[in-house]
Amino acid sequence: MSTRPSAFKGIYFVCSTEVVDKAICDAAAQKLAEEDEFVTEGNTSSNARYEYFSNWDTAPAKWPALFFSIHRGRRGGIFLNKNYGSRFLVGVQVTDSTEPADVFVSRRLDWSAVGPAFGDLPRLASLRDCRDELKLMFPTEESFKSYKGEILTGEEFLARLPKK
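Everything in this summary refers to the structure shown in the same document.

Definitions and cut-offs
- Residues numbered from 1 in each chain as written.
- Predicted model: local features only at pLDDT ≥ 70, side-chain atom pairs only at ≥ 80, totals over all residues.
- Heavy atoms only, no water.
- 1 Å grid on protein atoms, 1.4 Å probe; cavity = no way out; pocket = protein on both sides within 12 Å on 5 of 7 lines; lining within 4 Å.
- Points joined across faces, edges and corners; volume = space filled by probe spheres on them.
- Helix = DSSP H or I, 4+ residues; strand = E, 2+ residues; numbered from the N terminus.
- Nonpolar A, V, L, I, M, F, W, Y, C, P; charged D, E, K, R; others polar.
- Buried < 20%, exposed > 50% of the residue type's maximum accessible area, 1.4 Å probe, protein only.
- Pairing = 2+ DSSP bridges.
- Core = buried A, V, L, I, M, F, W, Y, C linked by side-chain atoms within 4.5 Å.
- Contact = heavy atoms within 4.5 Å.
- Salt bridge = Lys/Arg side-chain N within 4 Å of Asp/Glu carboxyl O.
- Expected span 1.5 Å × (residues − 1).
- Phe/Tyr/Trp six-rings, centres within 6.5 Å; stacked < 30°, edge-to-face > 60°.
- Axes fitted to C-alpha atoms, helices over the stretch in contact; angles between N-to-C directions.

This next bit is on the layout of surface pockets. Computed from the structure, the largest pocket encloses a volume of approximately 560 Å³. Lining the largest pocket are 23 residues, with Glu18, Val19, Val20, Cys25 and Tyr52 positioned closest to its centre. Mapped by element, the contributors of at least two residues to the lining of the largest pocket are helix H1 (22-35), strand E2 (50-54) and strand E4 (78-92). The element contributing the most residues to the lining of the largest pocket is E2, with five residues. Along the lines of polarity and charge, the residues of the lining of the largest pocket split into 10 nonpolar, six polar and seven charged.

Moving on, we get to the pairing of E2. Counting buried residues in E2 gives four out of five residues, a clear majority hidden from the surface. As paired elements, E2 and strand E5 (residues 101-109) share five bridges and run antiparallel to each other. By the bridge assignment for E5, Glu51 is matched with Ser106.

Right, let's talk about the nonpolar core for a bit. Counting 19 residues, the largest nonpolar core has Phe68, Ile70, Leu80, Leu134, Phe138, Tyr147 and Phe157 as the members making the most contacts within it. A total of three residues in this core trace back to one element, the largest contributor, which is strand E3 (residues 66-72). Not counting the four nearest positions on each side in its chain, Phe138 is found in contact with Arg72, Ser143, Phe144, Tyr147, Phe157 and Leu161. Listed in part, the 14 residues of the second largest apolar core include Cys25, Ala27, Ala29 and Val92.

All told, the structure shown has four salt bridges when counted by the stated rule. A salt bridge links Lys22 to Asp26, with the nearest nitrogen and oxygen atoms 2.9 Å apart. Taken together, the residues Lys22 and Asp26, both in helix H1 and four residues apart, mark about one turn of the helix.

Another aspect to go through is H1. If you check H1, its first and last C-alpha atoms are 20 Å apart, about what 14 residues at 1.5 Å a residue would give, namely 20 Å. The complete set of buried residues in H1 reads Ile24, Cys25, Ala27, Ala28, Ala29, Leu32 and Ala33.

Using the criterion set out here, one finds 15 aromatic pairs in the structure. On the numbers, 5.0 Å between centres and 85 degrees between planes, the contact of Phe138 with Phe144 is edge-to-face. For the residue pair Phe138 and Phe144, the accessibility class agrees, reading buried in each case. Their ring planes at 65 degrees and their centres at 6.5 Å tell us that Phe138 and Phe157 sit as a pair that is edge-to-face.

Reading across the sheet, the six strands line up as E2-E5-E4-E3-E1-E6 and stay open at both edges, with mixed pairing between neighbours. Both edges of this open sheet fall to E2 and strand E6 (150-153), since each of them pairs with a single strand only. Neighbouring strand axes in the sheet, compared pairwise and without regard to direction, differ in orientation by 40 degrees on average. In this structure, E3 lies alongside E4, joined through seven bridges in antiparallel fashion. Bridge pairing in E4 places His71 opposite Phe79. Lying over the sheet, H1 contacts E2, E4 and E5, oriented at roughly 70 degrees with respect to E4. Its contacts with the sheet put helix H3 (residues 127-137) on E3 and E4, and the angle it makes with E4 is roughly 85 degrees.

Structure representation (structure tokens):
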């Protein structure tokens, strides 16, 4: 990852530790399929192209169009994706007896997308190298705590990193 703030102009970082329940993801995918003609209903392979964020208590307008999602798993694994576009689905319900969830859905981009396709971002290291670097930055749950649940600009993200 680059440590030059200008390299991330217009790019955001969405940092999470919460896992969206599979049933919510499936219900959101179904709702998306009903609304979008380009997503074939019941096509589970298309589901893998999307990333779901549920009940963040964030207004739809606050979600960025281009962002990296950084998810720190329960066992310390780092999951990193490039995302673009946004759809905010209000009141996604698995069954009539479950609480409705507001779900933000974004489309995953190929890691090699650069230039105008991703905010004029220069080519980065490989996905594996970037993930490994993030693992070193966030080796513990505590080290990721101030990022958890945050949507940060590139400058904000870099400013929070420990100084070497």
